[in-house]
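One-letter residues, chain by chain:
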Amino acid sequence: MAYECIEVDKRGPVGLITLNRPKALNALSSQLMAELGEALAAFEADDEVGCMVLTGSEKAFAAGADIKEMQSKSFADVFSEDFITSGWEDLTRCRKPVIAAVAGYALGGGCEVAMMCDFILAADTAKFGQPEITIGTIPGSGGTQRLTRFVGKSKAMEMCLTGRMMDAEEAERAGLVSRIVPAAELLDEAIKTAERIAGMSRPSVLMTKESVNRAYETTLAEGIKYERRLFHSTFATEDQKEGMSAFAEKRQPNFKHR
Ligand code: CAA
């Protein structure tokens, strides 16, 4: 389908989604979020795609939810629509990994969307923040929850209460991003990383994602039991036989994703 607010491209086994509302610094309008949901669903259903990359522009990954779209909404409007949550959580339901490649601003909903991805690669120009407090509201799509889990209470509280932005260095130190790359190399590096993941055994990739995410939802003992059962189940795949045989035979594995 034709999209107006995003661009979608397939780079081999990598599904690339680029947020594309440059005049509004990729503000996350409801149309943009609906298009994002469709693009994610299409890549989820595409057997050739093993990993996705979500990115924005040099200046902004996304400067937040669209303030102009929501400014006149009433409490009854946002409550009845369950505004911001409906549609936004699609990202968290993807089973294939999604890498956020962030350059420039990732603010408010932009930071929240990046945190819904599986990990964040940051350009050295990236800036993260939850500035909702400065416009008389609070984060509405996980900012107070996911940021706190990533960077701890003190930093999350300060950022949400003051709207202060974190640069890429601080974000890496705090554990919000997996690593920093020069801005000019961000997309290539994200795609290279996604290609590497897509080349692994697909069942193992999906199980790894599920298991790491389980760490946020359960006790340590239950999480470890869950991981152990998934680990056992990989022994039912052809790819586990291939991967271990390839190691023993000193050759590269040829995974069939089953
Ligand atoms: N919504 C709608 N439009 C936005 C926007 C947003 N979140 N962010 C930027 N824009 C628009 C601006 O209005 C401007 O449009 P015009 O040219 O038509 O005036 C255009 O994008 C360029 O922005 P600026 O001129 O402001 O650019 P700048 O370089 O001077 O500043 C910025 C950049 C610091 C990111 C600034 O744009 C800004 O503070 N944006 C808002 C950030 C924000 O508060 N985000 C939180 C939104 S609420 C939210 O996300 C709720 C939630 O939890 C889900």
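Being a predicted model, the structure only gives us computed values, none of them experimental. Position numbers for residues count from 1 along each chain, tracking the sequence in the order it is written. Where totals are concerned, whole chains, interfaces and linings use all residues; where local detail is concerned, this predicted model gives features only for residues with pLDDT of at least 70, and gives and counts side-chain atom pairs only at 80 or more. Excluding hydrogens and water, the side-chain values take into account all heavy atoms of the structure.

**Points about the site of the ligand**
- To be near a molecule or strand, a residue needs just one of its heavy atoms within 4 Å of it. Of all residues adjacent to the ligand, which total 23 residues, the nearest are Lys59, Gly109, Glu112, Glu132 and Gly140.
- Throughout this description, a polar contact denotes any pair of N or O atoms lying within 3.5 Å of each other; where both atoms belong to protein, one of them has to be capable of donating a hydrogen while the other can accept it, and for residues adjacent in sequence the pair is counted only when both atoms sit in side chains. One of the backbone N or O atoms of lysine 23 is found 3.3 Å from an oxygen atom in the ligand.
- In isolation the ligand exposes 980 Å². Once the protein is present, 66% of that is buried.
- Only runs of H or I of at least four residues qualify as helices and only runs of E of at least two qualify as strands under DSSP, and these elements are numbered from the N terminus. Taken together, the elements giving at least two residues each to the shell around the ligand come down to helix H2 (67-70), strand S6 (105-107) and helix H5 (109-116).
- Lys, Arg, Asp and Glu make up the charged group, whereas Ala, Val, Leu, Ile, Met, Phe, Trp, Tyr, Cys and Pro make up the nonpolar group; the residues left over, Gly among them, are polar. Here the shell around the ligand is composed, by residue class, of 13 nonpolar, four polar and six charged. Reported accessibility uses the Shrake-Rupley method at a 1.4 Å probe radius. Residues are deemed covered only where the shown protein chains occlude them.

**Overview of the pattern of salt bridges**
- In the sections that follow, a salt bridge refers to a side-chain nitrogen of Lys or Arg positioned within 4 Å of a carboxyl oxygen of Asp or Glu. This model, assessed by the stated rule, comprises 17 salt bridges.
- Residues arginine 11 and aspartate 9 are paired through a salt bridge, measuring 2.9 Å at the closest nitrogen-oxygen approach.
- With a 1.4 Å probe rolled over the protein chains alone, any residue whose accessible area is under 20% of its type maximum counts as buried; one over 50% counts as exposed, and the rest are partly exposed. Using a relative accessible area of 36% as the deciding quantity, one classes arginine 11 as partly exposed.
- With a shortest N-O distance of 3.3 Å, arginine 93 and aspartate 90 are connected by a salt bridge. Residue arginine 93 and its partner aspartate 90 are both found in helix H4 (residues 90-93); the two are separated by three residues, about one turn of the helix.
- The exposed category is assigned to arginine 93, whose relative accessible area is 57%.
- Classification of aspartate 90 by relative accessible area gives partly exposed; the value is 28%.
- Overlapping salt bridges, with partners in common, bring together Lys155, Glu158, Arg164 and Glu170 in one network.

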